[in-house]
Amino acid sequence: MAYALDRKSKQVVSYNIGPRTNATLNVVLGTLRLSDAKRVYTDRLRNYRSLIETKIHRTSFIRDQSYRTT
């Protein structure tokens, strides 16, 4: 499962249920691209390197598998 939360409101912006493959992650990331997210915070899964622009991608030690937007 992959999901995105709005950093301020904590509301779910997008989600997709499935394994953490590029296809599953791209569903959620597509929503973030359309919303013109300023930053995307993720865990350190390697797939993100090729899916998220370096200038907006930040990694942190997150206990869950979510995306965080600002």
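Given the structure is predicted, the values throughout are model-derived calculations rather than measurements.

Peer 1: Any chance you could explain the pattern of salt bridges here in plain terms?
Peer 2: Pairing is possible between side chains that carry opposite charge, provided their charged atoms lie close to one another. By the definition in use, this model includes 3 salt bridges. For Asp36, the salt bridge is made with Lys38, and the minimal N-O distance between the two is 3.3 Å. One exposure class covers both Asp36 and Lys38, and it is exposed. Close ionic contact of Lys55 with Glu53 constitutes a salt bridge, the shortest N to O distance being 3.9 Å. Relative accessible area serves as the criterion here: at 63%, Lys55 is assigned to the exposed category.

Peer 1: Help me understand the pairing of strand β1 (residues 2-6), please; the structure alone is not making it clear to me.
Peer 2: Most of β1 sits inside the fold, with 4 of its 5 residues counted as buried. With 4 bridges joining them, β1 and strand β2 (residues 12-16) adopt antiparallel strand pairing. What sits directly across from Ala4, in β2, is Ser14. Hairpin remark: β1 followed by β2, antiparallel, with 5 residues in the connecting loop; positive phi at Lys10, about 65 degrees.

Peer 1: Would you take a moment to explain helix α1 (residues 22-34) for this structure?
Peer 2: Residues lying three or four places apart along an α-helix face the same way, a consequence of the helix completing one turn every 3.6 residues. Here α1 is 13 residues long and its end C-alpha atoms lie 18 Å apart, about the 18 Å a rise of 1.5 Å per residue gives. Residues Thr24, Leu25, Val28, Leu29 and Leu32 constitute the buried set of α1.

Here is what the cut-offs are and how they apply
Residues numbered from 1 in each chain as written. Predicted model: local features only at pLDDT ≥ 70, side-chain atom pairs only at ≥ 80, totals over all residues. Heavy atoms only, no water. Salt bridge = Lys/Arg side-chain N within 4 Å of Asp/Glu carboxyl O. Buried < 20%, exposed > 50% of the residue type's maximum accessible area, 1.4 Å probe, protein only. Helix = DSSP H or I, 4+ residues; strand = E, 2+ residues; numbered from the N terminus. Pairing = 2+ DSSP bridges. Expected span 1.5 Å × (residues − 1).

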